[in-house]
Amino acid sequence: MKLTVLGASGGTGREVVRQAVAAGHEVTAVVRKGARSLTAAPGAVSADGSARRAKGRGGRGGEARAGHGGEGRGGGAGGVREAGYGGGNGRLAVTTVADVTDPAALGPVVTGRDALLFCPGLESPRPPGRLGAAAHALVRAARAAGVRRLLVVSSSPVGPLPPDEGVLGRAVSPVLRAVFKDVYAEAAAMESELVHSGLDWTVLRPGKLTNRRGKGRYRRRVGGNLPDKGTLARADLARAVLDLLDDPAVRGRTVGLGSARG
Ligand SMILES: NC(=O)c1ccc[n+]([C@@H]2O[C@H](COP(=O)([O-])OP(=O)(O)OC[C@H]3O[C@@H](n4cnc5c(N)ncnc54)[C@H](OP(=O)(O)O)[C@@H]3O)[C@@H](O)[C@H]2O)c1
C-alpha cells in the first residue's frame, strides 16, 4: 500500500515506518523539523545498506543523507529525502512539512496515498489547539485528495473507563485524567475531527507506552477501552496500526489496545 505516516519522528511513528517498510509498503514519512530525526534513528540504513548510527551521521543542516539517490526539493513544506530504512522490501521517502496545520502544505504528502496514519505525540498544549488543528488540516487535505482511510493514535484516557476496569485502574485513572487534562483535551479535539470527517477513520486508544521489545501480539477491544491494559510496547502498537489498517471491523470505530497477556 501507499502509506503516509505523520508524527513519523516520534517513538511510535518511527516504529510504524520501520514495520511498514519491512512489510513492503511504500511509505512517506512526514516530520516537522527536518528528516534527520527519522533517518538518523537506530535501524535506519543508508543507500548502500550500511547501518547508520543514531548520533552524528545526519547530513548538513539536520537533513538526512539521501538514500536511493533521492534529491532534496525546496525548503519549508516538502523538503524530500528518500532513504532505505531497516532493510525492508518497501520504500521510504521522508518529507518535511513545517506547518501540519496547513491543508495546502499537506496536499503533496496526501495525494495518491491509500491511507494516512497519524501518530502525534501529545505534548503540553502550548498554545492549545494544535493537535485539533493538525487533524482538521489532515481531514481537509484527505478530502481534497480523495483519500478515504485515516487512522490516528490517541490515548485511552480520552475515552471512558470500561465497566469491567479493575480496582487499580479505577484508582489511578481519575488522577491521570486530572493531571493531564489539557493533554487529553487536545487528543479529544483530534478525535472529534475524525469522527465528524465522513472518512473511513479509526482511532486507537492505547494506555502507557514503552520502548520494550514487542511481544508481537496485543489485545484489542472495538468500541471501548480495555480493562487492565498494562503497558504496551510501541512495537506492538505499530503492529496494531498496520494490522487494523485493512480491517473493515474497525472502520468508523475507536479501538482500545493493551498488552497481550502472558
Ligand atoms: N507516551 C505514552 O505513554 C502514551 C500513552 C498512550 C497514548 N500515547 C499516544 O501514542 C501516540 C504516540 O506516542 P509517542 O510517545 O510514540 O509519541 P512521541 O514520541 O512523543 O511523538 C510523536 C511525534 O509527534 C509529532 N508531533 C507532536 N505534536 C504534533 C502536532 N501538534 N502535530 C503533528 N505532529 C506532532 C512529533 O514529530 P515532529 O515534531 O517531527 O512532527 C513527535 O516526534 C500519541 O498519540 C500519544 O498520545 C502515548
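What counts, and where the lines are drawn
The written sequence of each chain sets the order in which its residues are numbered from 1. Local features are withheld for residues below a pLDDT of 70 in this predicted model, meaning they are given only at 70 or higher, and side-chain atom pairs are given and counted only at 80 or more; totals for whole chains, interfaces and linings count all residues. As a convention, hydrogens and water are excluded, and side-chain values are obtained from all of the structure's heavy atoms. Numbered from the N terminus, helices here are DSSP runs of H or I no shorter than four residues, and strands are runs of E no shorter than two. Any two residues having at least one pair of non-hydrogen atoms within 4.5 Å are treated as being in contact. Surface accessibility in these figures is a Shrake-Rupley result with a 1.4 Å probe; residues are shielded only by whichever protein chains are displayed. By convention in these notes, a salt bridge is any Lys or Arg side-chain nitrogen within 4 Å of a carboxyl oxygen on Asp or Glu. Exposure categories follow from relative accessible area, calculated using a 1.4 Å probe and restricted to protein chains: below 20% of the type maximum is buried, above 50% is exposed, and the middle band is partly exposed. In this scheme, patches are assembled from residues that exceed 30% relative accessible area and form no salt bridge. Like charges are connected within 9 Å, while nonpolar side chains (Val, Leu, Ile, Met, Phe, Trp, Tyr) are connected within 5 Å. Nearness here has a simple test: a residue counts as near a molecule or strand if at least one of its heavy atoms is within 4 Å of that partner. N or O atoms closer than or at 3.5 Å make up a polar contact, with two conditions inside protein: a donor-capable atom paired with an acceptor-capable one, and, for residues adjacent in sequence, both atoms drawn from side chains. Residue type decides the class: Asp, Glu, Lys and Arg count as charged, Ala, Val, Leu, Ile, Met, Phe, Trp, Tyr, Cys and Pro as nonpolar, and the leftover types, Gly among them, as polar. Within a predicted model, pLDDT stands for the predictor's per-residue confidence, ranging from 0 to 100.

Engineer: So what exactly am I meant to see when it comes to the overall build of the protein here?
Structural biologist: Across its full length, the protein holds seven helices and 11 strands. Taking the intrachain contacts of the protein between residues at least 6 apart in sequence as the baseline, contacts between residues at least 24 apart amount to 69%. As displayed, the protein has an accessible area near 12000 Å², and 51% of this comes from carbon and sulfur atoms.

Engineer: What is the right way to look at the pattern of salt bridges in this model?
Structural biologist: Pairing between side chains becomes possible if they bear opposite charge and their charged atoms approach one another. For the coordinates displayed, the defined rule picks out seven salt bridges. Its salt-bridge partner being Arg205, residue Glu191 comes within 2.6 Å of it at the nearest N-O pair. Taken together, the positions of Glu191 in helix α6 (residues 181–195) and Arg205 in strand β7 (residues 200–205) put the pair 14 residues apart, joining distant regions of the chain. Assigned by exposure class, Glu191 and Arg205 land together as buried. The partner of Asp200 in a salt bridge is Arg251, and the shortest N-O contact between them spans 3.4 Å. In this pair, Asp200 is assigned in strand β7 and Arg251 in the loop between α7 (234–244) and β11 (253–259), connecting sequence segments 51 residues apart. Overlapping salt bridges, with partners in common, bring together Arg148, Asp200 and Arg251 in one network.

Engineer: How do you make sense of a nonpolar patch on the surface when you look at a structure like this?
Structural biologist: On the surface, a cluster of nonpolar side chains totalling about 540 Å² of accessible area is made up of Leu168, Val172, Val175, Leu176, Val179 and Phe180. In this structure, Leu176 sits in helix α5 (residues 167–179). We classify Leu176 as partly exposed; its relative accessible area is 34%.

Engineer: Is there a simple way to explain the site of the ligand in this structure?
Structural biologist: Residues in contact with the ligand amount to 25 residues; listed here are only the nearest, Ser9, Thr12, Pro120, Leu122 and Arg234. Here Arg32 contributes a side-chain N or O atom positioned 2.7 Å from an oxygen atom of the ligand. At a separation of 2.9 Å, an oxygen atom of the ligand approaches a polar backbone atom of Leu209. Protein coverage of the free-state accessible area of the ligand, which is 900 Å², stands at 84%. Only α1 (11–22) and α4 (130–145) provide two or more residues apiece to the shell around the ligand. Residues that form the shell around the ligand fall into these classes: 11 nonpolar, nine polar and five charged.

Engineer: For this particular structure, what's the right way to read unusual backbone geometry?
Structural biologist: Leaving glycine aside, a negative phi is the common case for residues, and trans is the common case for peptide bonds. Positive phi outside glycine occurs at Asp228, with the angle close to 45°. Residue position: Asp228 is located in the loop between β9 (218–222) and β10 (232–233).

Engineer: Explain the confidence of the model for the protein to me, please; I cannot follow it from the model alone.
Structural biologist: As a note on interpretation, predicted positions should not be read in detail where pLDDT is low. Residues at a pLDDT of 70 or more form 77% of the protein, whose mean pLDDT is 83. Counting contacts from residues 42–82, a segment whose pLDDT is below 50, to residues more than four positions away or on other chains yields 85 contacts.

Engineer: Explanation requested: the environment of Ala142 in the structure shown.
Structural biologist: Along the chain, the position of Ala142 falls in helix α4. Considering only alpha carbons, one finds Ala142 and Val109, 33 residues apart in sequence, at a separation of 9.8 Å. Residues within four places of Ala142 in sequence aside, it is in contact with Val110, Leu116, Val147 and Leu199.

Engineer: Help me out: how do you make sense of the environment of Gly129 in this one?
Structural biologist: Note that Gly129 resides in the loop between β5 (115–118) and α4. Accessibility expressed as a relative area gives 35% for Gly129, which makes it partly exposed. Considered as a pair, Gly129 and Ala189 are 60 residues apart in the sequence and their alpha carbons are 7.6 Å apart.

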